[in-house]
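Listed below are the residues making up each chain.
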Amino acid sequence: MSLPHKQGLYNPQQEHDACGVGFIAHIKNQKSHDIVEKGLEILLRLTHRGAAGADPREGDGAGILLQIPDAFFQAVTPGLDIQLPADGEYGVGMVFLPQDQAHRATCENIIDETIAAEGLKLLGWRDV
């Protein structure tokens, strides 16, 4: 069996074995519930990536990545003293932190230092 020729976004030099991954997007960046439904379908079909990793009790954190809901964050951050830039000018990190306050503080410090080392600015923390 031979690999296809280089075409579009495909380059046979980048070919390698990998764990399953699914990707779906609207080529014109249009948001839709259909995209979400198809993303969830991918998770169902790639069961070993659908949060059922090597340790079935813990999962592997697989999920779907959506656009940042800017209107939501603009609504909830003023009460947290967080000033958000314009839509598309910031990112959101979602992390699961330890409940123990000392361990949590250690993790938050590591995240803060890493963000600064990358030349970025931490805008704030929001507990969910």
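Just above sits the structure.
Reading the values: the criteria
Residues numbered from 1 in each chain as written. Predicted model: local features only at pLDDT ≥ 70, side-chain atom pairs only at ≥ 80, totals over all residues. Heavy atoms only, no water. Helix = DSSP H or I, 4+ residues; strand = E, 2+ residues; numbered from the N terminus. Contact = heavy atoms within 4.5 Å. Areas by Shrake-Rupley, 256 points an atom, 1.4 Å probe, with all protein chains shown as cover. Salt bridge = Lys/Arg side-chain N within 4 Å of Asp/Glu carboxyl O. Buried < 20%, exposed > 50% of the residue type's maximum accessible area, 1.4 Å probe, protein only. Lys, Arg positive; Asp, Glu negative; His and termini not counted. Expected span 1.5 Å × (residues − 1). Polar contact = N/O pair within 3.5 Å; in protein donor to acceptor, adjacent residues only side chain to side chain. Patch = residues over 30% accessible without salt bridge, like charges linked within 9 Å, V, L, I, M, F, W, Y side chains within 5 Å. Phe/Tyr/Trp six-rings, centres within 6.5 Å; stacked < 30°, edge-to-face > 60°.

Draft legend 1. Representation of the overall build of the protein chain. Scanning the protein chain from N- to C-terminus turns up three helices and zero strands. From first element to last, N terminus to C terminus, the protein chain shows the α and β order α-α-α. The contacts in the protein chain between residues at least 6 apart in sequence include a share of 33% that link residues at least 24 apart. Of the roughly 11,100 Å² that the protein chain leaves accessible, carbon and sulfur atoms contribute 56%.

Draft legend 2. Quick look at the pattern of salt bridges. Applying the stated criterion to the full structure yields three salt bridges. Between Arg104 and Glu108 there is a salt bridge, with the nearest N and O atoms lying 3.0 Å from each other. With Arg104 and Glu108 both in helix H3 (residues 101–117) and four residues apart, the pair spans about one turn of that helix. Considered together, Arg104 and Glu108 belong to a single accessibility category, that of buried residues. Ionic contacts of the salt-bridge type, sharing partners, join the residues Arg104, Glu108 and Asp127 into one network.

Draft legend 3. Focus on unusual backbone geometry. One non-glycine residue, Asn29, adopts positive backbone phi at about 60 degrees. Note that Asn29 resides in the segment before helix H1 (33–45). Located in the positive-phi region is Asp81, a residue other than glycine, with phi close to 60 degrees. Inspection of the secondary structure puts Asp81 in the loop between helix H2 (70–76) and H3.

Draft legend 4. Quick look at the side chain of Asp70. Secondary-structure assignment places Asp70 in helix H2. For the buried Asp70, which has no salt bridge, the nearest side chain bearing the opposite charge is Lys31, at an N-O separation of 8.1 Å. If we ignore the near neighbours within four places in the chain, the residues touching Asp70 are Asp87 and Tyr90.

Draft legend 5. Local environment of H3. The first and last C-alpha atoms of H3 sit 24 Å apart over 17 residues, in line with the 24 Å expected at 1.5 Å per residue. Backbone nitrogen of Ala102 and a side-chain oxygen of the N-cap are separated by 3.2 Å at the start of H3; the cap is Asp100.

Draft legend 6. Highlighting a nonpolar patch on the surface. Residues Leu40, Ile64 and Leu66 make up a contiguous nonpolar surface patch of about 250 Å² in total accessible area. Relative to the helices and strands, Ile64 resides in the loop between H1 and H2. For Ile64, a relative accessible area of 35% translates into the label partly exposed.

Draft legend 7. Representation of the packing of aromatic side chains. Counted according to the given criterion, the structure contains one aromatic pair. Taken together, a centroid distance of 5.3 Å and an interplanar angle of 70 degrees make the contact between Phe72 and Phe73 edge-to-face. A relative accessible area of 14% places Phe73 in the buried class.

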